[in-house]
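Chains, contacts and geometry: an overview
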Amino acid sequence: MSTAVDDDLWSAIGDPTRRRMLDLLLAEGSATATSLSEHLPVTRQAVAKHLTVLDRVGLVHATAAGREKQYRVDETQLARAVAQLADVGATWDARLRRIKHIAETIQKNL
């Protein structure tokens, strides 16, 4: 388990609205806060705040597009998040196997 968990990254991903925004950005390739707000049950201003959080942790990057910013997912940072999740999952799988082994050993000795 070599990948350190980035708490800020996972805090950003932990919000369901931000996860939905990432889904939309991945499906569309890129989008503005206005276009994202058309698919979400929050205001454009709320979308902009969520995008700021995602940008701060490097999950999205913005480029100027007229009066708005065009956002795109940073696939390298997303892959880093996936690797962290896989490592956490593997750690917990190992812990659960040890607990199962201990429980089976106790059960045999009863």
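Details of the structure are given in the entry above.
The following paragraphs examine the structure supplied in this document. (Residues numbered from 1 in each chain as written. Predicted model: local features only at pLDDT ≥ 70, side-chain atom pairs only at ≥ 80, totals over all residues. Heavy atoms only, no water.)

Focus on helix 5 (residues 75–108)
With 34 residues, helix 5 ought to run about 50 Å at 1.5 Å a step, and its terminal C-alpha atoms sit 49 Å apart, in line with that. Restricting attention to buried positions, one finds in helix 5 the residues Gln77, Ala81, Gln84, Asp87 and Ala94. Turning to helix 5, the residues buried within the fold contact helix 1 (7–13). Where helix 5 begins, one side-chain oxygen reaches toward the backbone nitrogen of Thr76, 2.9 Å away; that side chain belongs to Asp74. (Helix = DSSP H or I, 4+ residues; strand = E, 2+ residues; numbered from the N terminus. Expected span 1.5 Å × (residues − 1). Buried < 20%, exposed > 50% of the residue type's maximum accessible area, 1.4 Å probe, protein only. Contact = heavy atoms within 4.5 Å. Polar contact = N/O pair within 3.5 Å; in protein donor to acceptor, adjacent residues only side chain to side chain.)

A closer look at the packing of aromatic side chains
Per the counting criterion, the structure on display carries 0 aromatic pairs. Sitting over the face of the ring of Trp92, Arg95 holds its NZ or CZ atom 4.6 Å from the ring centroid. (Phe/Tyr/Trp six-rings, centres within 6.5 Å; stacked < 30°, edge-to-face > 60°. Lys NZ or Arg CZ within 6 Å of the ring centre and 35° of its normal.)

With respect to the packing of helix 2 (residues 16–28) against helix 4 (residues 44–56)
Contact pair helix 2 / helix 4: the axes reach a minimum separation of 10 Å and the direction vectors enclose 80 degrees. What the angle tells us is that helix 2 and helix 4 run roughly perpendicular. Facing helix 2, whose interface residues are Thr17, Arg18, Met21, Leu22 and Leu25, helix 4 presents Val47, His50, Leu51, Val53 and Leu54. Residues that form the contact of helix 2 with helix 4 fall into these classes: 7 nonpolar, 2 polar and 1 charged. (Axes fitted to C-alpha atoms, helices over the stretch in contact; angles between N-to-C directions. Parallel < 35°, antiparallel > 145°, perpendicular 65-115°, else oblique. Nonpolar A, V, L, I, M, F, W, Y, C, P; charged D, E, K, R; others polar.)

What to know about the nonpolar core
A general feature of soluble globular proteins is that nonpolar side chains tend to end up buried together. Judged by nonpolar contacts, the single largest core of 21 residues is most densely connected at Met21, Leu25, Leu36, Val47, Leu51, Leu54 and Leu59. The contact partners of Leu25, leaving out residues within four places of it in the chain, are Ser30, Ala31, Leu36, Leu51, Val60, Tyr71 and Val73. (Core = buried A, V, L, I, M, F, W, Y, C linked by side-chain atoms within 4.5 Å.)

A short note on the pattern of salt bridges
Under the defined criterion, the tally for this structure stands at 3 salt bridges. Between Asp6 and Arg80 there is a salt bridge, with the nearest N and O atoms lying 3.2 Å from each other. Of the two residues, Asp6 is situated in the segment before helix 1 and Arg80 in helix 5; the sequence distance between them amounts to 74 residues. Note that Arg44 is salt-bridged to Glu68, the shortest N-O span being 3.3 Å. (Salt bridge = Lys/Arg side-chain N within 4 Å of Asp/Glu carboxyl O.)

A closer look at the pairing of strand 2 (residues 68–73)
Both faces of the sheet carry side chains from a regular strand, because those side chains alternate between them. Note that strand 1 (residues 60–65) and strand 2 share 6 bridges and pair antiparallel. Pairing of Ala62 across the sheet is with Tyr71, part of strand 2. Counting the residues between successive antiparallel strands, the hairpin from strand 1 to strand 2 contains 2 residues, one of them, Gly66, with a positive phi of roughly 70 degrees. (Pairing = 2+ DSSP bridges.)

Observations concerning the side chain of Arg18
Mapping Arg18 onto the fold places it in helix 2. Despite being buried, Arg18 has no salt bridge partner; Asp15 is the closest side chain of opposite charge, sitting 4.3 Å away. Side chain to side chain, Arg18 and His50 meet in a polar contact 3.0 Å long. For Arg18, the residues in contact, after removing those within four places along its chain, are Ser11, Ala12, His50, Val53 and Leu54. (Lys, Arg positive; Asp, Glu negative; His and termini not counted.)

In short, the description is geometric, and any link to function would need to be established separately.
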